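# Residue-level structural notes
Given next are the chains, with one letter for each unit.
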Amino acid sequence: QLVRKGRDDLQFLAQRLATLFPSLLSEENLRKRRIRFVTSSKHRCVSSVEAFQEGLQQHWGCHGDNYHCCRRCHRKAFWERVKTKLLTSVPTDNAPGYSHSVDDELMRFFELCRGYVDGVENNRTALLEVEKFKHGKEMEAVRRRIAEKLGLSLHLLTPDLVEAAFFICSYELSIKSIHSPWCFLFDKSDAKVLEYKSDLKQFWKRSYGHVINSLSSCQLFHHIFRTLDKAGRPRRSTEAGPEPASILVGHAETLLPLLSLLGLYKDQTLPTASNYHSQHGIKSPLSNKKEACVLKRYEPVLLLRKVPLRLSAGRSFRTSRIIPYAANLLFVLYDCQRGPRLQLLVNETPVRFPDLQTDDTPLYRDVRATYRHLLDGCDFRRVCEGRVEGRGPNTEL
């Protein structure tokens, strides 16, 4: 189930993006259903895509002085006002419902990739580094400090119980905005250890730890570039254009493999159970782009689940910043003098493509050339069903 805070996050995200791209996420495009919405079949994702559309409806209803537009765009708010007797009449025009399609092959690819399921998901050795850290000296120190605070014998406080208490603390803070009593058990150093443990799990289960993790997202990768190709190609004035925006709603498990396939947040040294203290470094802020471009008429946007411009004191692979609640990845296509340019944003913050670090918004053809090996060779069936070299641990980072 999607909690109220989650619904608010998706609505506010939609409103911020509608403010940023008013001609693309416009009231007309929304009403005429020109914007494509795709979601996984999970209830929380369906609720998320509905909340996103609610946010767009509220944005255009609340910011316009046209009452009919407001009636169209405020379906839920309207009925709530009817129930509270603020309104007693029913509109004569049909308010639009939510419009989306369900595609689990696209948004839950990790379930359909046998190479991933057998090689990682159901493989006890795939998360060996996580198990080592779980019973290592850093977690042991956290256990001892918490056991002393609670007056418990150490053997009664397992690593799993420590992590459960930390999750309750974080969930109540993020969802209910309350400082949970559980939070008093942890200090800053404890939080860093538990964050690292979580990052280890995500690294080895969903990211660079095993090659198959990122390759399992091939199908989604190809879908994105087909959408961008369609949006960027020249067309006759009589030819119908593509949708102005494409909104895909999935999971953290959908987004993290894709980010890894793109080569983002890849540190020089793998995080392991033994190098907790060496995982430090500072990332420099991005420079401002100097070339002015015009936003292309058709802008495919990928949204999935807010990252500061600087990732301070530590590794760049920090999942609490990369895939927070309502995390999102946007591909923005611009029409420029030398040809279409592509901008990448993670959680509404511009980031550079790993192999195109000299330009915030490189030419689209250069982006395609950078990922040519994936565009030509990343085949979902072959990767997931065949015996692909490199399905095991990635030791080349």
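Residues numbered from 1 in each chain as written. Predicted model: local features only at pLDDT ≥ 70, side-chain atom pairs only at ≥ 80, totals over all residues. Heavy atoms only, no water.

This paragraph deals with the pattern of salt bridges. Inspection of every chain in the model, using the stated rule, returns 25 salt bridges. Here Glu121 ties to Arg206 by a salt bridge, and the two come within 3.9 Å at their closest N and O atoms. Of the two residues, Glu121 is situated in helix 8 (residues 114-121) and Arg206 in helix 12 (residues 188-206); the sequence distance between them amounts to 85 residues. For Arg206, a relative accessible area of 8% gives the class buried. Here Arg315 and Asp199 are joined by a salt bridge, their closest N and O atoms 2.6 Å apart. A relative accessible area of 2% places Asp199 in the buried class. Through salt bridges with shared partners, a single network forms among Glu195, Asp199, Arg315 and Arg318. (Salt bridge = Lys/Arg side-chain N within 4 Å of Asp/Glu carboxyl O. Helix = DSSP H or I, 4+ residues; strand = E, 2+ residues; numbered from the N terminus. Buried < 20%, exposed > 50% of the residue type's maximum accessible area, 1.4 Å probe, protein only.)

With that settled, consider the state of the cysteines. Tallied over the full model, the rule gives three disulfides. Between the sulfur atoms of Cys113 and its disulfide partner Cys384 the distance amounts to 2.0 Å. Because the sign of the S-S torsion sets the handedness, a value of about -100 degrees for the bond joining Cys113 and Cys384 places this disulfide among the left-handed ones. According to the relative accessible area criterion, Cys113 is buried, its value standing at 0%. A residue is classified by how much of its surface remains accessible, and Cys384, at 1% relative accessible area, is buried. (Disulfide = S-S within 2.5 Å.)

Right, let's talk about the packing of aromatic side chains for a bit. Here the structure, examined in full by the defined rule, presents 15 aromatic pairs. On the numbers, 5.9 Å between centres and 20 degrees between planes, the contact of Phe167 with Tyr171 is stacked. Of this pair, Phe167 and Tyr171 both sit in helix 11 (residues 159-176), four residues apart, roughly one helical turn. Classification of Phe167 by relative accessible area gives partly exposed; the value is 32%. A relative accessible area of 41% places Tyr171 in the partly exposed class. Seen in terms of ring centroids, Phe203 and Phe317 are 5.4 Å apart; in terms of plane orientation they differ by 90 degrees. Their pairing is edge-to-face. (Phe/Tyr/Trp six-rings, centres within 6.5 Å; stacked < 30°, edge-to-face > 60°.)

Our focus in this paragraph is the nonpolar core. Soluble globular proteins tend to bury their nonpolar side chains together. Counting 73 residues, the largest nonpolar core has Phe221 and Leu329 as the members making the most contacts within it. In terms of residue count, the dominant contributor to this core is helix 14 (residues 218-232) (seven residues). Apart from the residues within four sequence positions on either side, Phe221 is in contact with Leu258, Leu261, Leu262, Tyr371, Leu374 and Leu375. Counting 26 residues, the second-largest nonpolar core is a separate cluster that includes Leu13, Ala18, Ile247 and Cys336. (Core = buried A, V, L, I, M, F, W, Y, C linked by side-chain atoms within 4.5 Å. Contact = heavy atoms within 4.5 Å.)

Here we come to the environment of Val49. One can find Val49 in helix 3 (residues 43-62). Residue class for Val49 comes out buried when judged on its relative accessible area of 0%. The spacing of Val49 and His100 is 51 residues in sequence and 7.6 Å in space, taken between C-alpha atoms. Leaving out residues up to four positions away in the same chain, Val49 has contacts with Phe37, Thr39, His100 and Val249.

One can describe the packing of helix 10 (residues 137-150) onto helix 12 by two numbers: an axis separation of 10 Å at closest approach and a directional angle of 135 degrees. One finds that helix 10 runs oblique with respect to helix 12. Viewed along their axes, helix 10 and helix 12 form a crossing whose handedness is left-handed. Contacts between helix 10 and helix 12 involve Glu138, Met139, Val142 and Arg145 from the first element and Ser189, Asp190, Val193 and Leu194 from the second. Its residues assigned to classes, the contact of helix 10 with helix 12 comprises four nonpolar, one polar and three charged. (Axes fitted to C-alpha atoms, helices over the stretch in contact; angles between N-to-C directions. Parallel < 35°, antiparallel > 145°, perpendicular 65-115°, else oblique. Left-handed = near helix turned anticlockwise from the far one by under 90°. Nonpolar A, V, L, I, M, F, W, Y, C, P; charged D, E, K, R; others polar.)

Next up on the list: the pairing of strand 5 (residues 329-336). Successive residues of a regular strand alternate their side chains across the two faces of the sheet. Counting buried positions over the eight residues of strand 5 gives seven, a clear majority of the element. Two strands pair when backbone bridges link them, and strand 5 and strand 6 (residues 339-346) are joined in this way by eight bridges, in the antiparallel orientation. The residue of strand 6 that forms the bridge with Cys336 is Gly339. Connecting the antiparallel pair strand 5 and strand 6 is a turn made up of two residues. (Pairing = 2+ DSSP bridges.)

When strand 1 (residues 36-39) meets strand 3 (residues 246-249), the two strands line up parallel, connected through four bridges. Its bridge partner lying in strand 3, Arg36 is registered against Ser246. Pairing between strand 1 and strand 2 (residues 101-102): two bridges, direction parallel. Counted as the bridge partner of Val38 is Ser101 from strand 2.

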